[in-house]
Structure formats: structure tokens, C-alpha cells
Amino acid sequence: MDTSWMDIAAGRGALGIGLVVAGVVVVAVLIGAFALGVRVKRRELPRPTPEEQPRPPEGGPVREVREHREPDEVPRSDHRLTPHQLPGHGNAGTRTSEAKDRPRWDEGSSGSFGSGGTGGG
């Protein structure tokens, strides 16, 4: 019976040593990761000084411009035009509209089919 208790004690001792070795490996990996992070941080560019920070334009901050835009006219031709023959290579361009009022739905119209409006427009 005495030998079985010694085997169990020896097994626990090996398990304890294995846990200590695993702990040392984890600590070594963490220290290595920290050292690598410090080296990478030293190679980065320094932070900009307050003088190097961006400044607003001389005329003050840029504001949003609200304007009504309308599409450019498609050029008239006797034959069919392909997108690469159009201005902007098929991307529809726009220009500032002469009308300053934004288009609104007519009062009393539904706006679209089946939207539940009165349809009296």
C-alpha cells in the first residue's frame, strides 16, 4: 500500500512542476510581447506638435451648401450613344438649377401609387 501513495505523490509532483514550467513559459511570452511592442512604438513617427495640427481655413470653417441640382442634358445625336461617348463617361453630371425653390409634392396628391393618399391631384 505504501507504494501506491508514493506513486500518487510522485504524479502530483510532476503535475506541479509542469504547471510551474507552463507558468514560466506564459510569463516569458508576455515579457517578449511587451518588449516587441516597445520596439515597434519607438520606430513610429512622433506625435504631431500643436503647431503641426490642422487649422481651419482663413475664411473660417467650411459650411454646407444647399442648392437644387438638375441633371445635365444628354447630347442629341442621330445614332445611339454609348456610355463612353457621353460626357463624364456615362456618369450623369449635374449643374446648379436656376430655380431656388426645392420641389415639393402637390398638396392633396398621394405622391406615388398605393401610398394611401387621397389621389385627388
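Residues numbered from 1 in each chain as written. Predicted model: local features only at pLDDT ≥ 70, side-chain atom pairs only at ≥ 80, totals over all residues. Heavy atoms only, no water.

A.B. asks: Would you take a moment to explain the overall build of the protein for this structure?
C.D. replies: Per the secondary structure count, the protein includes 1 helix and 2 strands. N-terminal to C-terminal, the α/β element order of the protein is α-β-β. Looking at the protein residue by residue over its 121 residues, the buried ones come to 1%. Put simply, of all contacts in the protein between residues at least 6 apart along the chain, 40% involve residues at least 24 apart. (Helix = DSSP H or I, 4+ residues; strand = E, 2+ residues; numbered from the N terminus. Buried < 20%, exposed > 50% of the residue type's maximum accessible area, 1.4 Å probe, protein only. Contact = heavy atoms within 4.5 Å.)

A.B. asks: Sorry, what's going on with the environment of Gly 93 here?
C.D. replies: Among the structural elements, Gly 93 can be located in the loop between strand E1 (69-71) and strand E2 (94-96). The exposure class assigned to Gly 93 is partly exposed, which follows from its relative accessible area of 28%. Separated by 24 residues in sequence, Gly 93 and Arg 69 place their C-alpha atoms 9.7 Å apart. With residues near it in sequence (within four places) discarded, Gly 93 still touches Glu 70, Pro 71 and Asp 72.

A.B. asks: Would you mind showing me how to read a nonpolar patch on the surface here?
C.D. replies: A surface patch of nonpolar side chains, amounting to about 370 Å² of accessible area, comprises Ile 17, Val 21, Val 25 and Val 29. Considering the arrangement of structural elements, one finds Ile 17 in helix H1 (residues 2-43). (Patch = residues over 30% accessible without salt bridge, like charges linked within 9 Å, V, L, I, M, F, W, Y side chains within 5 Å. Areas by Shrake-Rupley, 256 points an atom, 1.4 Å probe, with all protein chains shown as cover. Salt bridge = Lys/Arg side-chain N within 4 Å of Asp/Glu carboxyl O.)

A.B. asks: Please explain the pattern of salt bridges as it appears in this structure.
C.D. replies: Side chains that carry opposite charge are capable of pairing whenever their charged atoms lie near each other. Counted by the stated rule, this structure contains 2 salt bridges. Glu 44 is the salt-bridge partner of Lys 41, the closest N and O atoms lying 3.7 Å from each other. For Lys 41, a relative accessible area of 53% corresponds to the exposed category.

A.B. asks: Is there a simple way to think about the side chain of Ser 97 in this case?
C.D. replies: Here Ser 97 lies in the segment after E2. Reaching out from Ser 97, the side chain makes a polar contact with the side chain of Glu 70 at a distance of 3.3 Å. (Polar contact = N/O pair within 3.5 Å; in protein donor to acceptor, adjacent residues only side chain to side chain.)

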